[in-house]
Amino acid sequence: MDKQQTQEFIARRVAAELKDGDLVNLGIGLPTLVANYVPEGKEVLFQSENGFIGLGPAPLEDEIDPSIANAGGLPVTIVPGGSFFDSAMSFGIIRGGHVDTTVLGALQVAENGDIANYMIPGKMVPGMGGAMDLLSGAKKVIVAMEHTAKGNPKLLKTCTLPLTAVRAVDLIVTEMGVIEVTPNGFMLTEYNPEYTVEQIQAATGAELIISPNLKHMQ
Amino acid sequence: MDKQQTQEFIARRVAAELKDGDLVNLGIGLPTLVANYVPEGKEVLFQSENGFIGLGPAPLEDEIDPSIANAGGLPVTIVPGGSFFDSAMSFGIIRGGHVDTTVLGALQVAENGDIANYMIPGKMVPGMGGAMDLLSGAKKVIVAMEHTAKGNPKLLKTCTLPLTAVRAVDLIVTEMGVIEVTPNGFMLTEYNPEYTVEQIQAATGAELIISPNLKHMQ
Amino acid sequence: MNKLISLEDAVNLVRDGDTVMIGGFLAVGTPERLIDALIKKGAKDLTLICNDTGFVDRGVGKMVVAKMFKKIYASHIGTNKETGRQMLEGETEVVLVPQGTLIEQIRAGGFGLGGVLTRTGLGTEVEKGKQIVEIDGEKFLLEKPMRANVALLFAEKADVKGNLSFHGATRNFNTYMGAAADISIVEAEQVVQVGEMCPDEVVVPGVFVKYIVDGGSL
Amino acid sequence: MNKLISLEDAVNLVRDGDTVMIGGFLAVGTPERLIDALIKKGAKDLTLICNDTGFVDRGVGKMVVAKMFKKIYASHIGTNKETGRQMLEGETEVVLVPQGTLIEQIRAGGFGLGGVLTRTGLGTEVEKGKQIVEIDGEKFLLEKPMRANVALLFAEKADVKGNLSFHGATRNFNTYMGAAADISIVEAEQVVQVGEMCPDEVVVPGVFVKYIVDGGSL
């Protein structure tokens, strides 16, 4: 798989986690792709933390409304049944546990669910934006990312980069497999048959518990 | 003066304290009358803490809108330029210091500004409603009340009833005079010439400082 | 996801012993039809969180008369003599809460905040038994978040996704109680289809509304 | 009380050394004309409170390029490389604040609350040097209220009393910053006369708006 295929593969698998009626917040980058793969028949609403529920697809050139942009500043649309609100309401929704699932990228995830995804000391720091709020507030946190960075594991025993949140991650979806964060550590529940379990373990910086119900990742 | 005249006299004097552009919250009872005496040429907006700014007069019978009532539950109107909002916004306005003046009644006021106006132990307790918030949040607190209750002083060295707020009152207007709460205690700044200063002192449960600029109350 | 349910199904969601939040301010913006149906169905040992206890024949006061509450949190009970009687005779526990504190406690409960830090109530009976937090040398009272099992709310208009809009002074506590309750039920004067409410017009996003009763159809 | 002023008079209210809050989210809902005029007028050593620092050629980012800030509070600076450069080279102090915390700090500043108690940031760099309050056995980070000398805001529509309404995702931080600033100036796309805005339609009551610049007339 090339990079685009890898990202689509991950996004598609994440989308299968979403349930009918869910309110979902997608981080920028790879997580944004998840919106393209919501299964038929499931109604999922997307929140845009800059101020609305009902994030729709990009508009046609002549339909752009400069007042309707996503949290990345790009023109988008709002679906029927959506609503606009201010940042206090938006983060009340997030911090009050009203977002069912958030999908975020990560630099590192630890086996206890700690996550680092907002800064590398000494480098340009973009800032945490709404990530810390989403991680502390969303009911379910899914990390969608490539399994390694330049060959180095991103799933670790402990994070070495500054944390974005403590014990926040519930599920990790990579091109290699699906990993649950359990009280005992990472549990591999599904794997991509293009890889062996041994290869996945070798690409992971902490011990993987192998689920007794280990399945192929679709 | 009969009771009604007394109340109108007090309300008229309180109204003279209001400044052009002020946002004002009036408590129930006597304070409500203040709205009738806003001097010509001054624009004063009244807040109704149940959810709007721009409290207007009572509607004609056939103009009653059951959704527009004051904080006492009575039908009222909203003036042009008014706005409706919820209780969180309403009390944000109050607690954030955006109400210029609140006018409230009292059972007792102490010379340090303590006020008791919401309960008498052992009797029916109506509750504090928004009074504690108004007392802690409004920029200026004016107490509008009769000077005594059944002949007993209501201006005291210390309150004996449960307090509604500590050191909250700025000014007291009664049928006998106008009293400022200063760091040194009650200062009589105006008096109703129907009474002597000695009579006013006798009706007051704390020492009155007599202002060097003592004037007749209009 | 159509959130419309019948009045009967709605009130069956309230169980004996539940904590219920009910919107309205002296019976303005109160879901009267839900209240009537709940009285008819019967429920006991409820805990009420509401701005006030309305009147004996209007608003939540009818439930007080029907003796449905074992405990009441309210800012004001003075308009309903039956509440005062039950309180004085020890039949019902009544906790009086400053109005601005009450709405912030509900917002905090719905928005995932740890509590409310306020000057309101300092130095009064309200502070008894509560934590005081000193911030930069100033004292603030810590008031805890409030949540409920069920919220019974009123709106002028709802779409079938639960987006709400209001008219007049009916917003009061209706805007945040849905966020703070496990199950929120809105009695709407008018229900419209998806897309018939402009997203700019929405005051409460549908995420805070679980069920809608169409008041206009009753 | 007509609150309309000229663009020039508006920006002359900003003085060197001031703390300024500026509305907008990645330049959506940003008062661009006020920003351009302020850059033209010149002001130095400002402290900025804003969700992000926009882009080098759009939004508040233009002021970053003009080196008007000595300190910046923002949740995200990744879209403006000049902010990152100034930060890394020690020219400007940048404090990164979680987005949900930032808006609540502003609301607390405007609404008279003592601070914000939140889970967001616990166990991360954000908690460093801050008070932690334990409530019923759970830890919350205490984040302090924020206030400013001047707020520069955007609205879709204002009446001459300062009542505001919005379109799309432009509300973001514009709704609460006016409450938290000594002087608030709103650039409105459209200004209407008193009575031309329905009180139900108002999102921000005029009490939080001191001055209005008519963007439509420029």
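Coordinates for the structure precede this section.
Each chain has its residues counted from 1, running along the sequence as written. Chains carry letters and ligands carry numbers; both start at the beginning, A for chains and 1 for ligands, and go up in the order they are written. For this predicted model, a pLDDT threshold of at least 70 governs which residues receive local features, and a threshold of 80 or more governs which side-chain atom pairs are given and counted, while totals over whole chains, interfaces and linings are taken from all residues. To get the side-chain values, all heavy atoms of the structure are used, and hydrogens and water are removed first.

This paragraph deals with the overall build of chain C. A run of H or I in DSSP becomes a helix once it reaches four residues, and a run of E becomes a strand once it reaches two; helices and strands are each numbered from the N terminus. Of regular secondary structure, chain C possesses 6 helices and 11 strands. Along the longest, intermediate and shortest principal axes, the C-alpha atoms of chain C span 50 × 45 × 30 Å. Within chain C, the proportion of its 218 residues that are buried is 63%. For this analysis, residues touch if any pair of their heavy atoms sits within 4.5 Å. Put simply, 71% of the contacts in chain C that link residues at least 6 apart link residues at least 24 apart. A 1.4 Å probe and the Shrake-Rupley method give the accessible areas. Residues count as covered only by the protein chains that appear here. Here chain C has roughly 7,300 Å² of accessible surface; of this, 48% comes from carbon and sulfur atoms. The convention is simple: Lys and Arg are positive, Asp and Glu are negative, and His and the chain ends are not counted. Charged groups are reduced to one reference atom each: NZ for lysine, CZ for arginine, CG for aspartic acid, CD for glutamic acid. Separation of charge centres in chain C, based on 24 positive and 29 negative side chains, amounts to 3 Å. With a 1.4 Å probe rolled over the protein chains alone, any residue whose accessible area is under 20% of its type maximum counts as buried; one over 50% counts as exposed, and the rest are partly exposed.

On to the nonpolar core. Nonpolar cores were defined as sets of buried Ala, Val, Leu, Ile, Met, Phe, Trp, Tyr and Cys residues, with membership established by side-chain atoms within 4.5 Å. Of all hydrophobic cores here, the largest spans 134 residues; its most connected members are Ile172(A), Ile172(B), Ile106(C) and Ile106(D). If we skip the residues at most four places from it in the chain, Ile106(C) touches Met21(C), Ile49(C), Met146(C), Phe173(C), Tyr176(C), Met177(C) and Ala180(C). Counting residues in hydrophobic clusters, the runner-up holds 36 residues, among them Ile35(D), Met68(D), Leu141(D) and Val150(D).

Attention now goes to the pattern of salt bridges. Each salt bridge in this description consists of a side-chain nitrogen of Lys or Arg and a carboxyl oxygen of Asp or Glu lying within 4 Å of one another. Per the counting criterion, the structure on display carries 50 salt bridges over all chains. Between Lys157(A) and Glu111(A) there is a salt bridge; the shortest N-O distance is 2.8 Å. Of this pair, Lys157(A) sits in the loop between β11 (155–156) and β12 (171–173) while Glu111(A) sits in the loop between β6 (108–110) and β7 (115–116), and the two are 46 residues apart along the sequence. Note that Arg85(C) and Glu89(C) form a salt bridge whose closest N and O atoms lie 2.9 Å from each other. A relative accessible area of 24% places Arg85(C) in the partly exposed class. For Glu89(C), a relative accessible area of 53% gives the class exposed. Through salt bridges with shared partners, a single network forms among Arg13(A), Glu17(A), Lys140(A) and Glu190(A).

This part is about helix α2 (residues 32–41) of chain C. All names here are of chain C. Among the residues of α2, Leu-34, Ile-35, Ala-37 and Leu-38 are the ones counted as buried. Around the axis of α2, the buried residues are gathered within 165° of arc, so they sit on the same side. For α2, the secondary structure elements touched by its buried residues are α1 (7–11), β1 (19–22), α3 (61–65), β8 (148–159), β10 (181–192) and β11 (211–214). After α2 finishes, the residue Gly-42 shows a positive phi value of roughly 90°. The directions from the helix axis to the C-beta atoms are what the arc is built from.

Counting residues at the interface gives 24 residues for chain D and 24 residues for chain C. Summed over both partners, the accessible area (1.4 Å probe) lost when two parts come together is defined as the buried area. For chain D, the biggest contributors to the area lost against chain C are Gly114(D), Leu117(D) and Asp200(D); these three give 27% of the whole. Linking chain D with chain C are 4 salt bridges, by the criterion used here. Glu104(D) serves as the salt-bridge partner of Arg107(C), at 2.5 Å between the closest nitrogen and oxygen. Whenever two N or O atoms come within 3.5 Å, that pair is a polar contact, provided that in protein one can donate a hydrogen and the other can accept it, and provided that, for residues adjacent in sequence, both atoms are side-chain atoms. Summed over the shared surface of chain D and chain C, the number is 15 residue pairs in polar contact (both at pLDDT 80 or more). The element that contributes the greatest number of residues to the side of chain D that touches chain C is strand β6 (residues 132–135) of chain D, accounting for 3 residues. Residue polarity is assigned by list, with Asp, Glu, Lys and Arg as charged and Ala, Val, Leu, Ile, Met, Phe, Trp, Tyr, Cys and Pro as nonpolar; anything else, Gly included, falls into the polar class. A class-by-class count of the residues in the side of chain D that touches chain C yields 10 nonpolar, 6 polar and 8 charged.

Residue-level contacts link 36 residues of chain A with 38 residues of chain D. A combined buried area of about 2,800 Å² lies between chain A and chain D, and 63% of that area is made up of carbon and sulfur atoms. For the chain A face of the interface with chain D, the top three residues by lost area are Ser67(A), Arg95(A) and Met124(A), together amounting to 19%. Summed over the shared surface of chain A and chain D, the number is 0 salt bridges. In this structure, the connection of chain A to chain D is made through 15 residue pairs in polar contact (both at pLDDT 80 or more).

Superposition of the copies was done by least squares, using only C-alpha atoms of residues whose pLDDT is at least 70 in both. Laying chain D over chain C is done by rotating through 180° and shifting 0.0 Å along the axis; what remains is an RMSD of 0.0 Å. Considering both components of the superposition, the chain copies are consistent with a two-fold axis. When the interface residues of chain D are mapped onto chain C, 100% of them again fall at the interface, so both copies present the same face.

Below, the discussion takes up the sheet that holds strand β12 (residues 171–173) of chain B. Residue and element names in this part refer to chain B. A pair of strands counts as paired when DSSP detects no fewer than two bridges linking them. With mixed pairing, 10 strands are arranged side by side in an open sheet as β4-β3-β2-β1-β5-β8-β12-β13-β14-β15. With one partner strand each, in any of the chains shown, β4 (77–84) and β15 (209–216) form the two edges of the open sheet. With direction set aside, neighbouring strand axes in the sheet form an average angle of 25°. As judged from the 3 bridges shared by strand β8 (residues 140–144) and β12, these two strands associate in the parallel manner. Bridge pairing in β12 links Ile-142 to Leu-171. Inter-axis angles, ranging from 0 to 180 degrees, are taken between N-to-C directions of lines fitted to C-alpha atoms, where helices are fitted over the stretch in contact. In this fold helix α2 (residues 87–95) packs onto β1 (23–26), β2 (45–48) and β3 (52–56), with an angle of close to 125° to the strand it touches most, β2.

The term disulfide is used for any two cysteine sulfur atoms that are within 2.5 Å. Going through the model one piece at a time under the given rule, you end up with 0 disulfides over all chains. Of all cysteine sulfurs in the structure, the one in Cys198(D) sits closest to Cys198(C), which takes part in no disulfide; the separation is 14 Å. The class for Cys198(C) is partly exposed, based on a relative accessible area of 37%.

Attention now moves to the sheet that holds strand β6 (residues 108–110) of chain B. Residue and element names in this part refer to chain B. The 3 strands lie next to each other as β7-β6-β11, forming an open sheet whose pairing is mixed. Each having just a single partner strand, β7 (115–116) and β11 (155–156) make up the two edges of the open sheet. Sheet topology note: the β6/β11 ladder contains 2 bridges and is parallel. Paired with Val-109 across the two strands is Leu-155, which belongs to β11.

Right, let's get into the packing of aromatic side chains. Residue and element names in this part refer to chain C. Each Phe, Tyr or Trp ring (for Trp, its six-membered ring) is paired with any other whose centre lies within 6.5 Å, and the angle between the two planes then decides the class: stacked below 30 degrees, edge-to-face above 60, tilted in between. Evaluated as defined, the whole model comprises 6 aromatic pairs over all chains. On the numbers, 5.5 Å between centres and 75° between planes, the contact of Phe-111 with Tyr-176 is edge-to-face. Of this pair, Phe-111 sits in helix α5 (residues 99–111) while Tyr-176 sits in helix α6 (residues 174–177); the two residues are 65 residues apart in sequence, bridging distant segments of the chain. Ring-pair connections join several aromatic residues into one group, and the members of that group are Phe-111, Tyr-176 and Phe-208.

Time to look at the pairing of strand β2 (residues 46–49) of chain C. Residue and element names in this part refer to chain C. Burial along β2 is two-sided: the residues Leu-46 and Leu-48 and Thr-47 and Ile-49 are all buried. Whether a crossover is right-handed comes down to one check: with the strands pointing away from the viewer, does the path from the first strand over the helix to the second run clockwise; if it does, it is right-handed. In terms of handedness, the path from β1 via α2 over to β2 forms a crossover that is right-handed. Sheet topology places β2 next to strand β3 (residues 69–74); 4 bridges connect them, and they run parallel. Each residue of the ladder has a partner; that of Ile-49, found in β3, is Tyr-73.

The next subject is the packing of helix α2 (residues 87–95) of chain A against α5(C). Where α2(A) contacts α5(C), the two axes come as close as 7 Å, and the packing angle between them is 60°. When the interaxial angle is binned, α2(A) and α5(C) end up oblique. From α2(A), Ala88(A), Met89(A), Gly92(A) and Arg95(A) reach across to α5(C), where they touch Arg107(C), Gly110(C) and Phe111(C). Residue composition of the contact of α2(A) with α5(C), grouped by class: 3 nonpolar, 2 polar and 2 charged. Roughly parallel here means an angle under 35 degrees, roughly antiparallel means over 145, roughly perpendicular means 65 to 115, and every remaining angle is called oblique.

Here the focus is the pairing of β1(B). Residues and elements named next belong to chain B. What you see with β1 is no split at all: Leu-23 and Asn-25 on one side and Val-24 and Leu-26 on the other are buried throughout. Two elements, β1 and β2, share 3 bridges in a ladder whose sense is parallel. Bridge pairing in β2 links Leu-23 to Leu-45.

Now for helix α1 (residues 3–15) of chain B. An α-helix turns once per 3.6 residues; consequently, residues spaced three or four apart project the same way. Residue and element names in this part refer to chain B. Helix span is expected to be 1.5 Å times the residue number reduced by one. Given a rise of 1.5 Å per residue, 13 residues ought to cover 18 Å, and the 18 Å separating the end C-alpha atoms of α1 matches this to within 8%. Within the sequence span of α1, burial applies to Thr-6, Phe-9, Ile-10, Ala-11, Arg-13, Val-14 and Ala-15. If you follow the buried residues of α1, they end up packed against β5 (101–104), β8, β12, β13 (177–182) and β14 (185–191). Of the residues that open α1, the one with a side-chain oxygen 3.2 Å from the backbone nitrogen of Gln-4 is Asp-2.

All names here are of chain C. Here Asn-174 lies in helix α6. Sequence spacing of Asn-174 and Val-204 is 30 residues, and the spatial spacing of their C-alpha atoms is 8.9 Å. If near-sequence neighbours (up to four positions away) are discounted, Asn-174 is found in contact with Gly-23, Gly-24, Gly-29, Leu-153, Phe-154 and Phe-166. A polar contact of 2.9 Å, which involves the side chain of Asn-174, links it to the backbone oxygen of Gly-29.

The quantities given are spatial measurements derived from coordinates; they are silent on function.
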